[in-house]
Amino acid sequence: MEFEKVKQIIVDTLAIDEEKVTMEASLKDDLGIDSLDSVELSMNLEDEFGVQIEEEKLAEFVTVGDIVNYLASLA
């Protein structure tokens, strides 16, 4: 499932507690991800899923679910 992959990438990339990463978790408010973290995360997601995430799209992601849904839409 894509959520599990995305969750693991978030945990590995940003050293965030695994229990905090849910579909509803706010990237900024719940996980404390800033713009630099977003860029690093997007690079790792692009490598793992073989996709290109546009900067404008990256700025639209509010929750972990937004990332998962976006990646699912590309499949």
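Only a predicted model underlies this, so the values are computations on that prediction, with no experimental measurement involved. (Residues numbered from 1 in each chain as written. Predicted model: local features only at pLDDT ≥ 70, side-chain atom pairs only at ≥ 80, totals over all residues. Heavy atoms only, no water.)

K.L.:
With reference to specific residues and values, describe the layout of surface pockets.
P.N.:
A water-sized probe rolled over the atoms picks out the places where empty space is left. In this structure, the largest pocket spans a volume of roughly 210 Å³. Asp34, Ser38, Leu58, Ala59 and Phe61 are the residues nearest the centre of the largest pocket, which is lined by 14 residues in total. Where the lining of the largest pocket is concerned, the elements lending two or more residues are helix 2 (35-49) and helix 3 (55-60). For the lining of the largest pocket, the class distribution of residues is eight nonpolar, three polar and three charged. (1 Å grid on protein atoms, 1.4 Å probe; cavity = no way out; pocket = protein on both sides within 12 Å on 5 of 7 lines; lining within 4 Å. Points joined across faces, edges and corners; volume = space filled by probe spheres on them. Helix = DSSP H or I, 4+ residues; strand = E, 2+ residues; numbered from the N terminus. Nonpolar A, V, L, I, M, F, W, Y, C, P; charged D, E, K, R; others polar.)

K.L.:
Tell me about the nonpolar core, and name the residues and values.
P.N.:
The biggest cluster of nonpolar side chains holds 23 residues, and the ones touching the most others in it are Val6, Ile10, Leu31, Leu41, Leu45, Val64 and Ile67. Broken down by secondary-structure element, the contributors of at least two residues to this core are helix 1 (2-14), helix 2 and helix 4 (64-74). Looking at this core, the element that brings in the most residues is helix 1, giving six residues. Leave out the neighbours within four places in its chain, and Leu45 touches Val6, Ile9, Gly50, Ile53, Ile67 and Leu71. (Core = buried A, V, L, I, M, F, W, Y, C linked by side-chain atoms within 4.5 Å. Buried < 20%, exposed > 50% of the residue type's maximum accessible area, 1.4 Å probe, protein only. Contact = heavy atoms within 4.5 Å.)

K.L.:
Please give an account of helix 1 that cites residues and values.
P.N.:
In this model, helix 1 (13 residues) spans 18 Å end to end at C-alpha, consistent with the 18 Å of a helix rising 1.5 Å per residue. Looking at helix 1, one finds that the buried residues are Phe3, Val6, Lys7, Ile9, Ile10, Val11, Thr13 and Leu14. (Expected span 1.5 Å × (residues − 1).)

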